[in-house]
Every structure is written in structure tokens, then in C-alpha cells.
Amino acid sequence: VMKLNPQQAPLYGDSVITVQLTEEDKVEDDVVFYLVFTGSTVRHCTSTRKIDPGSLETISPGHDCCETVKVALCASREGHSVLVVAEESFQFVQDEAYDAAQFLATCAGNQQVLNFTRFLNRSGPPAADVDFLDEKVSLAFRHLKLPAEWNVLGADQSLTENIPRETLMHFAVRLGLLRLTWFLLQQPGGRGALSIHNSQGATPVSLALERGYQKLHRLLTEEEAREPESWSTLSHTVHSGDYSVKHHRGLDVYMLTAE
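- As annotated in an unreviewed UniProt entry, the protein is A-kinase anchor protein 13 from Mesitornis unicolor.

Here it is as C-alpha cells:
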């Protein structure tokens, strides 16, 4: 039996999983270990890296639904066939960050909700929490299957530019969420949101200035602003038909996903 730690991951994946090997599985250096995750409609195969003789590390894949999947630890050696060494179950769950991303995506044009987020922000979370929140919600947002007509400004595009209103961009900037701001900038309506004033006459750009968020202000105003460092910048994904391959440069782990 192998031990997976943790035994679950959020739907959007991208968290580190440690695999504890049993005594008899601690083998020579020329053995390569893989994990195969088998879900009801999607399978993933991830490479691993050795931390020490008894443990491996990999990145959890993003999955298509909340369910318990089977994980097989496979060992391969040159000149030998691939062996399934151990099996364990693993759960994909919808966490708070996923709920939050889904909620925000749904409320893109909803003034009551967006005004409520302003009210909530008066006591602002501490910086470490903001960074954690930013990382997780951005990863979750990337994983959402947003409808083709989705827009940062909400579904009702008939609203003319000059009506004062809150936008998701105001929300992300007010909390200082660098990565979420970057993500929203790449979406339809993202750039347009930058010039929209709220009822206090603030644009996302003026909010960033007023709050002293220099990095964020540069992100919104400089042509060649780069994507903020995050898990998603550390990984590169290539899609081909029903397959995708992802390389996580931080851990040098590869992941193959097949529908």
C-alpha cells in the first residue's frame, strides 16, 4: 500500500501530492514511477520526482468533476514491462476557491453582489491571506468552463460605458489580487472595465493608485506588463484533440490528460 498525502485535491488541481512508498517499493535509481488517475470520463498520468528513497512528489491534475478516482502507482524500468505497484483512491473536491470563482463568474454584472464585496473589503484580509486567495481563486477561474459569451462586465452588454457601476475588475483591484486582475484583463470586457467609473467616481486604475498598489498599477497601465509569478506561470500546457500535456517547471513534472 502506498500513502498519498493529501488524499484529495481541488477540482482545478495544481497542488503538490506526496507519495510514501512501502519498504519493498524502495528500489534502485533506474526505476521511474508514474501515477495514473482513472476517473469516470477522464484519465491522467503524471510523472513523479524522488524526494528521498521512500517518497515521491507530483502535482495533482485538474479534473472534470467531483468524484473519487482510482490512482495506480506504476513502475517502469528500461527493458521491463510497466508494473502496477500499488493502488489507492483519491478524491477531487470543490473547495472554497472554486466556489468563489464560480460565484464571481456568475455575478460579473450583478451590482448588488459587487457592492456587497466593497462593503466586505473595509476590514481587508492580511497580505499573506490575500496572496493565498489570489493564487487559489485564479487557478480555479482558469479551470472554470466559462460560457462563450462570458464577459468581465456581465451578460448585459447594452449598458453603455458611461453608466457608473462596480465591475469584477474593481473587486480584484480593491483586494490587491494581482493574478486575478491579470486573468480578467485577458478576458472579453477586461480592458474595457479599466475605464469604468463606480458610484464614487473611481476606475480600477485610480483604485490601484489610491491604495498604493504599484505592481498592480503597472499591470493595468504598462503595455509590456508581464504575467505575475504563480503556479500557472510555472506550468505550460499543450492541447491536441482529446489530449493535453502539461509541464510543471517548478517540480519538473509532466502530466498527460486524456478524455
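## Observations concerning the overall build of the protein
- When you go through the protein residue by residue, the secondary structure sums to nine helices and 12 strands.
- Principal-axis analysis of the C-alpha atoms places the extent of the protein at approximately 70 × 35 × 35 Å.
- Taken over 259 residues, the protein has a buried fraction of 49%.
- A separation of at least 24 residues holds for 63% of the contacts in the protein among residues at least 6 apart in sequence.
- Across the protein, 22 positive and 34 negative side-chain charges occur, with their mean positions spaced 5 Å apart.

## What to know about the sheet that holds strand β5 (residues 43-47)
- Read across the sheet, eight strands follow the order β2-β9-β8-β4-β5-β12-β11-β10 without closing on themselves; strand pairing throughout is mixed. The sheet is open, and its two edges are formed by β2 (8-10) and β10 (235-240), each paired on a single side. Strand after strand, the sheet turns through a mean of 25 degrees between neighbouring axes, direction not considered.
- Direction of pairing for strand β4 (residues 32-38) relative to strand β8 (residues 67-76): antiparallel, over a ladder of seven bridges. From the neighbouring strand, Y34 faces β8, where its bridge partner is C74.

## What about helix α5 (residues 178-185)?
- Of all eight residues in α5, eight are buried; the element is thus mostly enclosed.
- Listed in full, the buried residues belonging to α5 are L178, R179, L180, T181, W182, F183, L184 and L185.

## Some words on the side chain of E166
- Note on placement: E166 falls in the loop between α3 (127-143) and α4 (168-174).
- Here the side chain of E166 touches R174 through a polar contact of 3.2 Å, side chain to side chain.
- E166 has contacts with Q111, L114, N115, R118, R174 and N198, leaving out every residue within four places of it along the chain.

## Re a nonpolar patch on the surface
- Residues Y243, V245, Y254 and L256 make up a contiguous nonpolar surface patch of roughly 380 Å² in combined accessible area.
- Every element with two or more residues in the nonpolar patch is listed here: β11 (243-248) and β12 (253-258).
- With respect to the helices, strands and loops of the structure, V245 is situated in strand β11.
- Owing to a relative accessible area of 38%, V245 belongs among the partly exposed residues under this scheme.

## Looking at the domain arrangement of the protein
- Entries for the protein in the domain assignment read domain 1 (3-94 + 233-258) and domain 2 (96-226).
- Its C-alpha centre places domain 1 at a distance of 33 Å from the equivalent point of domain 2.
- Taken together, the contacts link six residues of domain 1 with nine residues of domain 2.
- Carbon and sulfur atoms make up 62% of the area that domain 1 and domain 2 hide from each other, which totals about 710 Å².

## Things to note about unusual backbone geometry
- Of note, the bond from N5 into P6 is cis; its omega dihedral lies within 30 degrees of zero at -5 degrees.
- The topology assignment puts P6 in the loop between β1 (3-5) and β2.
- Unusually for a residue other than glycine, D14 sits at a positive phi of about 60 degrees.
- Position of D14 among the secondary structure elements: in the loop between β2 and β3 (16-20).
- Under the relative-accessibility criterion, D14 is labelled buried at 5%.
- At D252, a position not held by glycine, the phi torsion is positive, near 55 degrees.
- Among the structural elements, D252 can be located in the loop between β11 and β12.
- Residue class for D252 comes out partly exposed when judged on its relative accessible area of 47%.

Rules used throughout
- Residues numbered from 1 in each chain as written.
- Predicted model: local features only at pLDDT ≥ 70, side-chain atom pairs only at ≥ 80, totals over all residues.
- Heavy atoms only, no water.
- Helix = DSSP H or I, 4+ residues; strand = E, 2+ residues; numbered from the N terminus.
- Buried < 20%, exposed > 50% of the residue type's maximum accessible area, 1.4 Å probe, protein only.
- Contact = heavy atoms within 4.5 Å.
- Lys, Arg positive; Asp, Glu negative; His and termini not counted.
- Charge placed at Lys NZ, Arg CZ, Asp CG, Glu CD.
- Pairing = 2+ DSSP bridges.
- Axes fitted to C-alpha atoms, helices over the stretch in contact; angles between N-to-C directions.
- Polar contact = N/O pair within 3.5 Å; in protein donor to acceptor, adjacent residues only side chain to side chain.
- Patch = residues over 30% accessible without salt bridge, like charges linked within 9 Å, V, L, I, M, F, W, Y side chains within 5 Å.
- Areas by Shrake-Rupley, 256 points an atom, 1.4 Å probe, with all protein chains shown as cover.
- Salt bridge = Lys/Arg side-chain N within 4 Å of Asp/Glu carboxyl O.
- Domains from an automatic or database assignment.
- Buried area = accessible area lost by both parts, 1.4 Å probe.

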